[in-house]
Amino acid sequence: MSTDMMPFETSRAPINSLPYSQAIIAGDVLYTSGQVPVDPETGQLVPGGIEAQTERVLESIKAIVEDAGSTMARVVKMTVYLQDLEDFDRVNEIYARYFPESPPARTTVGANLRESRLVEMDAVALMSG
C-alpha cells in the first residue's frame, strides 16, 4: 500500500474479518467502508428497528471519523443504503441530528441488505483544515 494511503481502524465501530478495511486515509481524505448496525462491543445486530439501527450506524461513522482525527463537520459526502425506502423520513430525522449545519452531499439508495440490516452508510471526510 502506498505511503500516502493507509488503513484505519477503531474498536468503537464494528470490526470484522472480511477482506476490507474499516476505513482508509488517503492523503487528507478519510473514506469509511459501509457501516452496518452492529454493536461493536457484542458483535450483534442492534435490536429496535430503523431508528436504533440508524443511530448505531451514525455512531460508528462518528467514532471512525473522530478517532481518525477529523470531525463530523468535516464529512463532505455520505451514502445511505436503505432496505426499505419507506424509512427515508425516519432516517432523516436521526441523520439531521448528526449534521445540524451544512450537511454533507448525500446519495440515498434502496438496497438489498444482508440479514436483518435495515440501513448501511459510508462517509468521506476531510482530515485537515
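Residues numbered from 1 in each chain as written. Predicted model: local features only at pLDDT ≥ 70, side-chain atom pairs only at ≥ 80, totals over all residues. Heavy atoms only, no water.

**Some remarks on the overall build of the protein chain**
Here is step 1: Helix and strand counts for the protein chain come out as 2 helices and 6 strands.
Here is step 2: Starting at the N terminus and ending at the C terminus, the protein chain contains elements arranged as β-β-β-α-β-α-β-β.
Here is step 3: Its C-alpha radius of gyration of 14 Å places the protein chain within 12% of the 14 Å reference for a compact globule of 129 residues.
Here is step 4: Its C-alpha atoms give the protein chain principal-axis dimensions of roughly 40 × 35 × 25 Å.
Here is step 5: Per-residue burial over the protein chain gives 40% buried out of 129 residues.
Here is step 6: Pairs at least 24 residues apart make up 68% of the contacts formed inside the protein chain by residues separated by at least 6 positions.
Here is step 7: One finds the centroid of the 10 positive side-chain charges in the protein chain at a distance of 1 Å from the centroid of its 19 negative side-chain charges. (Helix = DSSP H or I, 4+ residues; strand = E, 2+ residues; numbered from the N terminus. Rg over C-alpha atoms; globule rule 2.2 N^0.38 Å. Buried < 20%, exposed > 50% of the residue type's maximum accessible area, 1.4 Å probe, protein only. Contact = heavy atoms within 4.5 Å. Lys, Arg positive; Asp, Glu negative; His and termini not counted. Charge placed at Lys NZ, Arg CZ, Asp CG, Glu CD.)

**Quick look at helix H2 (residues 88-98)**
Here is step 1: Of the positions making up H2, those classed as buried are Val91, Ile94, Tyr95 and Tyr98. In an axial view of H2, the angular spread of the buried residues amounts to 105°, which keeps them on one side of the axis. Structural note: H2 exposes Asp89, Glu93 and Arg97 on the side pointing more than 90 degrees away from its buried face.
Here is step 2: Tucked into the core, H2 has its buried residues touching helix H1 (49-67), strand S4 (75-82), strand S5 (105-110) and strand S6 (119-126). (Arc of directions from axis to C-beta.)

**Overview of the packing of H1 against H2**
For any two helices packed against each other, one specifies the crossing angle of their axes together with the interaxial distance.
Here is step 1: The geometry of H1 relative to H2 is characterised by a closest axis approach of 9 Å and an angle of 30° between their N-to-C directions. In terms of axis orientation, H1 runs roughly parallel to H2. The interaxial crossing formed by H1 with H2 has right-handed handedness. Residues Ile50, Glu51, Thr54, Glu55, Leu58, Glu59 and Lys62 of H1 pack against Arg90, Val91, Ile94, Tyr95, Arg97 and Tyr98 of H2.
Here is step 2: Its residues assigned to classes, the contact of H1 with H2 comprises 6 nonpolar, 1 polar and 6 charged. (Axes fitted to C-alpha atoms, helices over the stretch in contact; angles between N-to-C directions. Parallel < 35°, antiparallel > 145°, perpendicular 65-115°, else oblique. Left-handed = near helix turned anticlockwise from the far one by under 90°. Nonpolar A, V, L, I, M, F, W, Y, C, P; charged D, E, K, R; others polar.)

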